[in-house]
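Residues per chain are reported as follows:
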Number of protein chains: 2
Amino acid sequence: MRSFLIIGNEAVTEPFSLNDIPGAGRMDVLCRCVSQALFLSHSIRKDVEVFLLLLGKPDPPKVVRIVSNELRRMSPDERNVAGHIRKALGVKATKEWTETNSGIFVTKRNLKELLSELSKRYNVYYLREDGRDMSEIASWIKDPLFVLGDHIGVKKEDEDVIFNFTSTILSVSNLSLMSEQCITIAHYILDKNRT
Amino acid sequence: MRSFLIIGNEAVTEPFSLNDIPGAGRMDVLCRCVSQALFLSHSIRKDVEVFLLLLGKPDPPKVVRIVSNELRRMSPDERNVAGHIRKALGVKATKEWTETNSGIFVTKRNLKELLSELSKRYNVYYLREDGRDMSEIASWIKDPLFVLGDHIGVKKEDEDVIFNFTSTILSVSNLSLMSEQCITIAHYILDKNRT
């Protein structure tokens, strides 16, 4: 399994207009992350999970979880992905995972609660620009959960939480890339190492 | 300079609805290609050009050219990129490049005419899944123009045109990736080789 947790610092926690996806706390960034994490050409990757931690108004925190193996009827364009997230945000979120569509779930948890659960089945890696080159240790990476920020990055208090679950900071580039580009390259590095 | 030419086999050649970008001949694929080719986090790459060859109805072929160094007021979300393409398609296309926005141009040329011009200042590489691993020859690549298809790929007759300008077929992955993922990885391979 491969997994990605993207922190949406201002991503809204209520249904939003599909005609202004960036206006929903830069939900466009998260949509692109979902798309790049899950899709190949004309197919969906097996064994990938994406977690979106939404910290924007009016009801943070919420987590949307997307499970590639169970996903149906999603296409890679931003508006389609956003429509699925929007639907999940229209359902009451509780401490349990509520399925809002095949393969899509919503819950009301904070970063610590989420990582407490996920660290039981994933090895947590924090993706940050100044980390160690991922390609150097790719062969050691098994069942990763890559945690990364959106356009704002990861706030100090959230970093402190992450460091309770991992001490490994990895980087995929010396350039400051967009979040979805980091995901594409993380897949690439791992794919290449499997061949 | 780095350059990408993406062939939009069915991408429309007239203004289209921003509420159904995939419906415009899968213009969403081309928008994501533009975004991934041009943007870094909070900045635009220097010295990148993107060419979109649009072969859909009602007035093919048209080419939209986007020059990173001259670009203003574009953001990486699909709808914003699509808005710029839409505007370019509302302007009469001639055999000359007509600027429709800062850094965005449109012309009426076919693949052969376009490659005839571009091959004078770029080294043409054809990106295809079964090509040679780009990472093996990255250090030799200078001033590349990467030619790639959209979700449909590149049709036989267009391949024949491409092979008049290059015999080098490169691949970035053994998996069948989406076009924009190939662009992200091509940048990654070249970036890594520069460091």
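Going by the structure above, here's the rest.
The rules behind these values
Residue positions are given per chain, counted from 1 along the sequence in the order it is written. Each chain is given a letter, starting from A, and each ligand a number, starting from 1, according to the order in which they appear as written. Local features in this predicted model are restricted to residues of pLDDT 70 or higher, and side-chain atom pairs are both shown and tallied only at a pLDDT of 80 or more, whereas totals for entire chains, interfaces and linings draw on every residue. Only heavy atoms go into the side-chain values, all of them from the structure, while hydrogens and water stay out. Exposure above 30% relative accessible area and no salt bridge define the residues that can form patches, which grow by joining like charges within 9 Å and nonpolar side chains of Val, Leu, Ile, Met, Phe, Trp and Tyr within 5 Å. Here the Shrake-Rupley method, with its probe set to 1.4 Å, supplies the accessible areas, and only the displayed protein chains count as covering residues. Note on definitions: salt bridges are taken to be side-chain nitrogens of Lys or Arg within 4 Å of carboxyl oxygens of Asp or Glu. By the counting scheme adopted, Arg and Lys are positive, Glu and Asp are negative, and His together with the chain ends is not counted. Taken as the charge location is NZ of Lys, CZ of Arg, CG of Asp or CD of Glu. Helix and strand labels come from DSSP, where a helix needs a run of H or I of at least four residues and a strand needs a run of E of at least two; each type is numbered from the N terminus. Nitrogen and oxygen atoms within 3.5 Å of one another constitute a polar contact, given that in protein one can donate a hydrogen and the other can accept it, and given that sequence-neighbouring residues count only through two side-chain atoms. Here, any two strands with at least 2 DSSP bridges between them count as paired. The convention used is that axes are lines fitted to C-alpha atoms, helices contributing only their stretch in contact, and that angles between N-to-C directions extend from 0 to 180 degrees. The contact rule is simple, with two residues in contact once any of their heavy atoms fall within 4.5 Å. Note on terms: buried area is the combined drop in 1.4 Å-probe accessible area of two parts once they are placed together, counting the loss on both. Exposure is judged per residue with a 1.4 Å probe applied to protein chains only, and the accessible area is read against the type maximum: over 50% gives exposed, under 20% gives buried, and values in between give partly exposed. The length a helix should cover is 1.5 Å for every residue beyond the first.

(A) The arrangement of a positive patch on the surface in detail. A cluster of basic side chains, namely A:Lys46, A:Arg72, A:Arg73 and A:Lys87, defines a positive patch on the protein surface. Relative to the elements of secondary structure, A:Lys87 occurs in helix H2 (residues 78-89).

(B) Structural view of the side chain of B:Arg45. Its location among the elements puts B:Arg45 in the loop between strand E3 (43-44) and strand E4 (48-54). Only 2.8 Å separates the side chain of B:Arg45 from the side chain of B:Asp191, close enough to count as a polar contact.

(C) Expanded view of the sheet that holds strand E7 (residues 104-107) of chain A. Residue and element names in this part refer to chain A. Pairing in this open sheet of eight strands is mixed, and the strands run E6-E7-E5-E4-E1-E9-E8-E10 from one edge to the other. Whereas interior strands pair on both sides, the edge strands pair on one side only; in this sheet they are strand E6 (98-101) and strand E10 (169-171). If you compare each strand with its neighbour and ignore which way they point, the axes differ by 30° on average. Here seven bridges tie strand E1 (residues 2-8) to strand E4 (residues 48-54), and the two strands are oriented parallel to one another. Paired with Ser3 across the two strands is Glu49, which belongs to E4. Helix-sheet contacts for helix H1 (residues 27-38) involve E1, E4 and strand E5 (62-67), and the interaxial angle to E4 is about 170°.

(D) Seen up close, the interface of chain A and chain B. With 34 residues of chain A at the interface, the matching set in chain B holds 34 residues. Buried surface at the junction of chain A and chain B, summed over both partners, amounts to about 2900 Å²; 54% is from carbon and sulfur atoms. When the area that chain A buries against chain B is broken down by residue, the three leading residues are A:Gln36, A:Met178 and A:Tyr188, summing to 19%. Between the two partners, chain A and chain B, sit two salt bridges. A salt bridge links B:Asp133 to A:Lys192, with the shortest nitrogen-to-oxygen separation between them at 2.7 Å. Inspection of the region where chain A meets chain B yields 17 residue pairs in polar contact (both at pLDDT 80 or more). Of all the elements in the fold, those that place two or more residues in the side of chain A that touches chain B are H1, strand E2 (39-40), H2 and helix H5 (179-194) of chain A.

(E) Local environment of the pairing of E4(A). Residues and elements named next belong to chain A. In terms of burial, E4 is a largely internal element, seven of the seven residues being buried. Direction of pairing for E4 relative to E5: antiparallel, over a ladder of six bridges. Residue Leu53 lies in a different strand from E5, and its bridge partner there is Val63.

(F) Quick peek at the sheet that holds strand E7 (residues 104-107) of chain B. All names here are of chain B. Across the sheet, which stays open at both edges, the eight strands sit in the order E6-E7-E5-E4-E1-E9-E8-E10 with mixed pairing between neighbours. Because the sheet does not close on itself, it has two edges, and the strands there are strand E6 (98-101) and strand E10 (169-171). Within the sheet, the average angular offset between the axes of one strand and its neighbour, ignoring direction, is 30°. Taken strand by strand, helix H2 (residues 78-89) contacts E4, strand E5 (62-67), E6 and E7, and its axis lies near 140° from that of E6. The strands touched by helix H3 (residues 111-118) within the sheet are strand E1 (2-8), E4, E5 and strand E9 (144-149), with E1 carrying the most contacts at an inclination of about 175°.

(G) Looking closely at unusual backbone geometry. Residue and element names in this part refer to chain A. In this structure, Pro58 follows Lys57 across a cis peptide bond, with omega equal to 0°. Along the chain, the position of Pro58 falls in the loop between E4 and E5. Residues other than glycine seldom take positive phi values, yet Arg73 does so here, at roughly 60°. Tracing the sequence through the fold places Arg73 in the loop between E5 and H2. The backbone of Asp143 shows a phi angle near 45°, a positive value even though the residue is not glycine. Within the secondary structure layout, Asp143 lies in the loop between strand E8 (123-133) and strand E9 (144-149).

(H) Structural view of helix H5 (residues 179-194) of chain B. The end-to-end C-alpha distance of H5(B) is 23 Å, a good match for the 22 Å that 16 residues give at a rise of 1.5 Å each. For H5(B), the tally of buried residues reaches 13 of 16 residues, placing the bulk of the element in the interior.

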